[in-house]
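Chain by chain, the residues:
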Amino acid sequence: MTQVTMGNGGGFLGHAQEMLDTHPGQAIYDRTVLLDCIKACFDCAQACVACADACVSESEPKRLAGCIRLNQDCADICDAAGKILSRQTTFDRSAVRTVVQACVTICRSCAAECEKHAAMMQHCRVCAEACRWCERTCQARLA
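Remember, it's a predicted structure, so these values are computed and weren't measured experimentally.

*Asks:* Any chance you could explain the overall build of the chain here in plain terms?
*Replies:* When helices and strands are tallied, the chain shows five helices and zero strands. Shown N-terminal to C-terminal, the secondary structure of the chain runs as helices and strands in the order α-α-α-α-α. Among the 143 residues that make up the chain, the fraction classed as buried is 38%. When contacts within the chain are restricted to residue pairs at least 6 apart in sequence, those whose partners lie at least 24 apart make up 70%. When the accessible area of the chain is evaluated, it comes to approximately 8,200 Å², of which 54% is carbon and sulfur surface.

*Asks:* Honestly, the environment of Cys78 in this entry has me stumped. Any pointers?
*Replies:* Its location among the elements puts Cys78 in helix H3 (residues 65-86). Along the primary structure Cys78 and Cys131 are separated by 53 residues, whereas in three dimensions their C-alpha atoms are 9.5 Å apart. Discounting chain neighbours no more than four positions away, the residues touching Cys78 are Cys41, Cys44, Ala45, Cys103, Cys107 and Cys134.

*Asks:* Could you clarify how one ought to interpret the pattern of salt bridges in this entry?
*Replies:* When charged atoms on two side chains of opposite charge get close, those side chains can pair. For the structure shown, the criterion picks out seven salt bridges. When salt bridges with common partners are traced through the structure, they connect Arg108, Glu115, Arg132 and Glu135 into a single cluster.

*Asks:* When you look at the nonpolar core in this model, what are you seeing that I'm missing?
*Replies:* Generally speaking, soluble globular proteins have nonpolar side chains that are buried together. In terms of nonpolar packing, the biggest core is built from 37 residues, with Cys41, Cys74, Cys78, Cys131 and Cys134 touching the most fellow members. Broken down by secondary-structure element, the contributors of at least two residues to this core are helix H2 (31-57), H3, helix H4 (93-117) and helix H5 (122-142). If one sorts the elements of this core by residue count, H2 sits on top with 11 residues. Not counting residues within four places of it along the chain, the set of residues in contact with Cys131 comprises Cys44, Cys48, Cys74, Cys107, Cys110 and Ala111.

*Asks:* Could you clarify how one ought to interpret the environment of Ser109 in this entry?
*Replies:* Mapped onto the elements, Ser109 comes out in helix H4. Here the alpha-carbon distance between Ser109 and Leu70, two residues 39 residues apart in the chain, equals 7.5 Å.

*Asks:* Please explain the packing of H3 against H4 as it appears in this structure.
*Replies:* The geometry of a pair of packed helices is captured by two quantities: the angle between their axes and the separation between those axes. The contact between H3 and H4 brings their axes to 9 Å, and the two run at 150 degrees. In terms of orientation, H3 and H4 fall into the roughly antiparallel class. Between H3 and H4 lies a crossing whose hand is left-handed. Of H4, the residues touching H3 (which contributes Gly66, Cys67, Leu70, Asn71, Asp73, Cys74, Ile77, Cys78, Ala81, Ile84 and Leu85) are Val96, Val99, Val100, Ala102, Cys103, Ile106, Cys107, Ser109, Cys110, Glu113, Cys114 and His117.

*Asks:* Can you help me understand the side chain of Glu113 in this one?
*Replies:* Mapped onto the elements of the fold, Glu113 is located in helix H4. Overall, the relative accessible area of 15% leaves Glu113 in the buried class. Setting aside its immediate chain neighbours within four residues, Glu113 contacts Gly66, Cys67 and Leu70.

*Asks:* Would you mind going over the confidence of the model for the chain with me for this structure?
*Replies:* Close inspection of predicted coordinates is inappropriate for parts of the model with low pLDDT. Averaged over all residues, the pLDDT of the chain is 85; the fraction at 70 or higher stands at 78%. Contacts for the low-pLDDT stretch residues 1-10, under 50 throughout, to residues beyond four places or in other chains number nine contacts.

*Asks:* Hey, could you run me through H5 in this one?
*Replies:* Along an α-helix, residues three or four positions apart point the same way, because every turn accommodates 3.6 residues. Over its 21 residues, H5 extends 30 Å from the first C-alpha to the last, a length consistent with the 30 Å expected when each residue adds 1.5 Å. The complete set of buried residues in H5 reads Cys124, Cys127, Ala128, Ala130, Cys131, Cys134, Glu135, Thr137, Cys138, Arg141 and Leu142. On its buried face, H5 sits against H2, H3 and H4.

What counts as what
Residues numbered from 1 in each chain as written. Predicted model: local features only at pLDDT ≥ 70, side-chain atom pairs only at ≥ 80, totals over all residues. Heavy atoms only, no water. Helix = DSSP H or I, 4+ residues; strand = E, 2+ residues; numbered from the N terminus. Buried < 20%, exposed > 50% of the residue type's maximum accessible area, 1.4 Å probe, protein only. Contact = heavy atoms within 4.5 Å. Areas by Shrake-Rupley, 256 points an atom, 1.4 Å probe, with all protein chains shown as cover. Salt bridge = Lys/Arg side-chain N within 4 Å of Asp/Glu carboxyl O. Core = buried A, V, L, I, M, F, W, Y, C linked by side-chain atoms within 4.5 Å. Axes fitted to C-alpha atoms, helices over the stretch in contact; angles between N-to-C directions. Parallel < 35°, antiparallel > 145°, perpendicular 65-115°, else oblique. Left-handed = near helix turned anticlockwise from the far one by under 90°. pLDDT = per-residue confidence, 0-100. Expected span 1.5 Å × (residues − 1).

See below:
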């Protein structure tokens, strides 16, 4: 078996930190806080996609329609937020603030819905944790 190693940025986001560190523009935000928010957004998006898929596979997916919908919406917004935060050139602070606030809001809603099912469905517990982490991390970015 061949082990794949990544540069300094390795791990969950591969080269995200290295890309931020090598960007020729002036840093607008603390790069550590920014990287944490990017990681949380992409991690949450993945958890929400997987949770929605798991909900569809449950014995009565119709009763989970609200959870599935919130998972999908949260995944889309978190993915968009992570991408927008990764772009540092001609940064529009107002637009970024709006997107990050939307991410905080949808993560809060999605976590609350998943928490309703967490005792019976472990995938909802995991998703709720990812959403709460993203909510807290993005809230810190807004501060």
